[in-house]
Amino acid sequence: MIENLVIVESPAKAKTIEKFLGKDFRVVSSFGHIRDLAKKNLGIDVEKNFTPNYEIPKEKAKVVSELRKAAAESKHVWIASDEDREGEAIAWHLVNVLKLDLDSTKRIVFHEITKEAITAAIENPRLVDMNLVNSQQARRILDRLVGFEISPVLWKKVQPSLSAGRVQSVAVRLIVEREREIISFKSESSFRITAGFLTEKGSDTTLLLRSEASKRFQGENEALEFLEVCSKSDYSVANVTVKPGTRSPAPPFTTSTLQQEAYRKLSFSVAQTMAVAQKLYEAGRITYMRTDSTNLSQLALGKAKEVISSEFGEKYSRTRQFATKTKGAQEAHEAIRPAYLDNPSVAGSLNEKKLYDLIWKRTIASQMADAEIEKTTITIGMNNSPVTFLAVGEVIKFDGFLKVYSESNDADNGDEDKDIIPPVKKGMPLWYENITATQKYSAPPPRYTEASLVKKLEELGIGRPSTYAPTISTIQNRGYVSREDRPGEKRLIKILALQKGKIAATTKTEVAGKEKSKLFPQDIGMIVNDFLTENFIEIVDYNFTAGVEEQFDEIALGNLKWTGMLQEFYAPFHKTVTATLEKKERKTGVRVLGNHPETGEPVTVRMGRFGPVAQVGDTSNEGKPRFASLSKNQLLETITLKEALDLFRLPRSLGEHDGGEMVVGVGKFGPYIRYKSKFYSLKKGIDDPYSVTVERALEIINEKNESDQKKVINDFGDIKLLNGRYGPYLSKDKLNYRLPKGTDAEKLTKEDCIQIIESSDKTKKSS
DNA sequence: CAGTGAGCGAGCTTCCGCTTGACTT
């Protein structure tokens, strides 16, 4: 018999706490929730006041039986799940499942895993808070109602296997609406004037004062006129201002900010960041990685001060506590920080080292002094124009936290080259070295990255630290959005340069619209989004979650009955579901693009059974419609009549050659040439299936055949010895076999090969 | 590996939030 059993959520936490509590305490973990609404059907009796049907999921059976055994062997059970809505519900489910007494089972909470905090918690136990539990039940049931009532409507009205939910549908909506802003965006160009000034006439040794004109010019003619004015002007320093300023460090990491910075500084995907952080947590290197709090424990604050003072000196230390501003934050944990702040680095994989380094620097910097900056602004006046030039420079007087860490910005483009500002005084004459007018195009709003989407969701109070990464996976797995790169397009920019009284015009090319790892909506995502905004606008409203969260808070305070709140929500919601199901039409995203220029048949695009499809003609007048799949990167929403008609030009024949027909088409894996029942891929970015010539086709075919020949080391009929990416291997019946290490492939006989294949088959079967 | 689109229709899909392994390539 054990005296005390303490149940926490995480096994890593259990291990740590057991050390603090001594031998009278055994600490075990529930591994999160142990019960949930029944997986099949709704799992809620709507008629009977939303009575939930809770079940222990199969994968939790083992954990639960172990917990039951441990509870039976202990005199006292303490429940130490996290101090938030979900943690309270876990406590309540544990009381039920372990058949404990709700009115006497001790519930304890702590925000930081230190001996002091845990001892204090043990001394101040309370009971399970049923108001908080009920607010979780309301949250859980509302999410189930929304997801399990709307999704089947999508199966009927749009496509099978689709899904909708309070969180995922808003995430998709954000991406779709951003794309539409980009589609309708009209880029405008203007001319930006930059100049370099000399402090001494005709010298090239004096420092250059780089500056930008206070005005931009719309057209090329206006820019040219201004440069002509410039060529006749005298210049002098009109004003110099020097302003001191400070910069403060960012708060320590939460899940969301860690995901954003790891994306910007380390190019980690959101899921990758969480996987690496999990490893560090399990190894005891960092505190818990799913948190919305920026709080640091007293212990950590003290240690940070010590580390900073000894490493950088006392004047670099400044103890700070950051208030969490995030909407709906529950702050059950500390911020993400190193478990031991005196370890600036850890052992582990390269990615673990990198992420730890980021966390260490961010935490330490958050406890350091402000940086002191001196900002100098120089205004340069002209004697024949009201336009002024501005030169701005910054000098860091005291680096403070910048010694360790500076936060990245989403719009980091790094084109601010920081020059040293030469010493100038008001009234000093200046001479221009060059004045340049450069054409600049206004940019559309940026597409979301995984990390910037998480940031946006957090701002809206939608989703939780434990769900950001899974939500992003879900909307990609459903095919609603896709993470993609785009090469961008070249465009010309005009440049007018004034030097030594002469104006020269040149052009430069720049690449616009280049994208890397951005979230693009897919046709099905846009169709589902439109369907939801037309029929369930209240659910996909950006403020829906914030609204219900307010009510959950009222339930938690005991001011609102949870079943009543659900009734208020469900009655009108369910009515909408029924009404939507009764509507006849399905949503296919159909667009009529026009008529075929020769036959006059209608040309349409829509979502078909196998994806987006273009159709020429219809079944009226006994006609037989023709179909063609849209290609990747084409959207139902933006495809033009001409682009749709082009799809029907494939497959096309290039004619006969040496007794076989060459046919060009576009398949699942891109454009190809089919010749003598073999396939040859066209080169990406070089060949175009619509215009590829006979000569080029033969070249591609020969190239591929030659490299295929080099691939074959030996051909024994049904068994082939081939050269692959990882060296020689065997191929038989479409299966590949590795050669034993140290084998000389050239010397293998057919018998050797048969033996290798047989022995490898055996190991495969036995495993 | 390289393409589908007639119509019928059994049985399946689905939510959010809390936690980690146990699987295979």
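The numbers attached to residues start from 1 for each chain and follow its sequence in the written order. Going through the entries in the order they are written, you letter the chains from A and number the ligands from 1. Two thresholds apply to this predicted model, a pLDDT of at least 70 for residue-level local features and 80 or more for giving and counting side-chain atom pairs, whereas whole-chain, interface and lining totals are computed over all residues. Each side-chain value is derived from all of the structure's non-hydrogen atoms; neither hydrogens nor water enter the calculation.

Participant: Help me get a handle on the overall build of chain A, residues and values and all.
Facilitator: On a plain count of helices and strands, chain A comes out with 20 helices and 30 strands. Principal-axis analysis of the C-alpha atoms places the extent of chain A at approximately 95 × 85 × 70 Å. Note on definitions: a residue-residue contact is assigned when non-hydrogen atoms from the two residues lie within 4.5 Å. Intrachain contacts of chain A at a sequence separation of at least 6 include 69% that bridge at least 24 residues. About 41,400 Å² of surface is accessible on chain A, with carbon and sulfur atoms providing 50% of the total. Secondary structure elements follow DSSP: runs of H or I of four or more residues count as helices, runs of E of two or more count as strands, with numbering from the N terminus. Per-residue and other accessible areas follow the Shrake-Rupley method at a 1.4 Å probe size, with only the shown protein chains counted as cover for residues.

Participant: Lay out unusual backbone geometry with the relevant residues and their values.
Facilitator: Note the cis peptide between Leu-650 and Pro-651, where omega equals -5 degrees. Looking at where Pro-651 falls in the secondary structure, it is placed in the loop between α18 (641-647) and β23 (652-657). One non-glycine residue, Asn-41, lies in the positive phi region at around 60 degrees. Relative to the helices and strands, Asn-41 resides in the loop between β3 (36-37) and β4 (44-45).

Participant: How would you sum up the side chain of Glu-179? Please name residues and give values.
Facilitator: Looking at where Glu-179 falls in the secondary structure, it is placed in helix α6 (residues 168-184). The cut-offs for exposure are 20% and 50% of the maximum accessible area for each residue type, with area from a 1.4 Å probe on protein chains only; residues under the lower value are buried, those over the upper are exposed, and the others partly exposed. Given a relative accessible area of 6%, Glu-179 falls into the buried group.

Participant: An account of the protein's contact with DNA strand B is needed here, citing residue identities and associated values.
Facilitator: Summary of the distance rule: residues count as near a molecule or strand when at least one heavy atom falls within 4 Å of that molecule or strand. Taken together, 48 residues form the shell around DNA strand B, and within it Ser-10, His-33, Ser-161, Tyr-288 and Phe-669 come nearest. Counting only the atoms of DNA strand B within 4 Å of the protein, the fraction contributed by sugar and phosphate is 50%. Between DNA strand B and the protein, one listed contact pairs a phosphate oxygen with a side-chain N or O atom of Gln-168 at 2.8 Å. Counted as a polar contact is a pair of N or O atoms within 3.5 Å, where, for protein atoms, one must be capable of donating a hydrogen and the other of accepting one, and residues adjacent in sequence contribute only when both atoms are in side chains. The contact in question runs from a phosphate oxygen of DNA strand B to an N or O atom on the side chain of Tyr-288, over 2.5 Å. With nine residues, the top contributor of residues to the surface near DNA strand B is helix α5 (residues 130-157). For this classification, the nonpolar set comprises Ala, Val, Leu, Ile, Met, Phe, Trp, Tyr, Cys and Pro, the charged set comprises Asp, Glu, Lys and Arg, and every other residue, Gly included, is treated as polar. Here the surface near DNA strand B is built from residues that sort into 17 nonpolar, 18 polar and 13 charged.

Participant: Describe the packing of aromatic side chains, naming the residues involved and giving the relevant values.
Facilitator: We call Phe, Tyr and Trp rings a pair once their centres come within 6.5 Å, taking the six-membered ring for Trp, and we label the pair stacked below 30 degrees between planes, edge-to-face above 60, and tilted otherwise. Within the structure shown, the criterion is met by 17 aromatic pairs. The interplanar angle of 70 degrees and the centroid separation of 5.1 Å between the aromatic rings of Tyr-281 and Tyr-288 together place this pair among those described as edge-to-face. Per residue, the accessibility class of Tyr-281 equals that of Tyr-288, and both read buried. Relative to Phe-573, the ring of Tyr-570 has its centre 6.5 Å away and its plane inclined at 55 degrees; by these criteria the two rings are tilted. Here the residue Tyr-570 and the residue Phe-573 both occupy positions in helix α17 (residues 562-582), the gap between them amounting to three residues, near one helical turn.

Participant: Would you mind going over the sheet that holds strand β25 (residues 670-675) in detail, with residue names and values included?
Facilitator: Paired strands are those between which DSSP finds at least two bridges. The strand order across the open sheet built from four strands is β23-β24-β25-β26, with neighbouring strands paired in antiparallel fashion. Of all strands in the sheet, those bounded by a partner on one side alone are β23 and β26 (678-681). Going from strand to strand, the sheet's axes swing by 25 degrees on average, the running direction of each strand aside. To obtain an axis, a line is fitted to C-alpha atoms, over the contacting stretch when the element is a helix, and the angle between two such axes runs from 0 to 180 degrees between their N-to-C directions. The strands touched by helix α19 (residues 694-711) within the sheet are β23, β24 (660-667), β25 and β26, with β26 carrying the most contacts at an inclination of about 105 degrees.

Participant: Describe the pattern of salt bridges, listing the residues and the values that go with them.
Facilitator: Take a side-chain nitrogen of Lys or Arg and a carboxyl oxygen of Asp or Glu: if they are within 4 Å of each other, that pair is a salt bridge. Summed over the entire model, instances satisfying the criterion amount to 45 salt bridges. Between Lys-303 and Glu-306 there is a salt bridge whose closest N-O contact spans 3.4 Å. In this pair, Lys-303 and Glu-306 are both assigned in helix α10 (residues 298-312), three residues apart and thus about one turn of the helix distant. Residue Glu-515 pairs with Lys-518 through a salt bridge whose shortest N-O separation is 2.6 Å. Like Lys-518, Glu-515 is buried. Several salt bridges converge on common partners, so that one network encompasses Glu-86, Arg-139, Asp-143 and Arg-166.

Participant: Quick one: what's the story with the confidence of the model for chain A, residue by residue and with numbers?
Facilitator: Considering every residue of chain A, the mean pLDDT works out to 91; 96% of them sit at 70 or more. Every residue gets a pLDDT, meaning the predictor's confidence in that residue, from 0 to 100. Confidence drops under pLDDT 50 across residues 413-417; counting only partners more than four residues distant or on other chains, this segment forms one contact.

Participant: Outline the nonpolar core, listing residues and values.
Facilitator: The set of buried Ala, Val, Leu, Ile, Met, Phe, Trp, Tyr and Cys residues whose side-chain atoms join them within 4.5 Å is what this entry labels a nonpolar core. Within the largest apolar cluster, 131 residues are counted, with the highest numbers of intra-cluster contacts made by Leu-154, Ile-286, Leu-355, Leu-453 and Leu-532. Looking at which element gives the most residues to this core, the answer is α5, with nine residues. Grouped together as the second largest cluster of nonpolar side chains are 26 residues, Ile-193, Ile-380, Tyr-432 and Leu-496 included.

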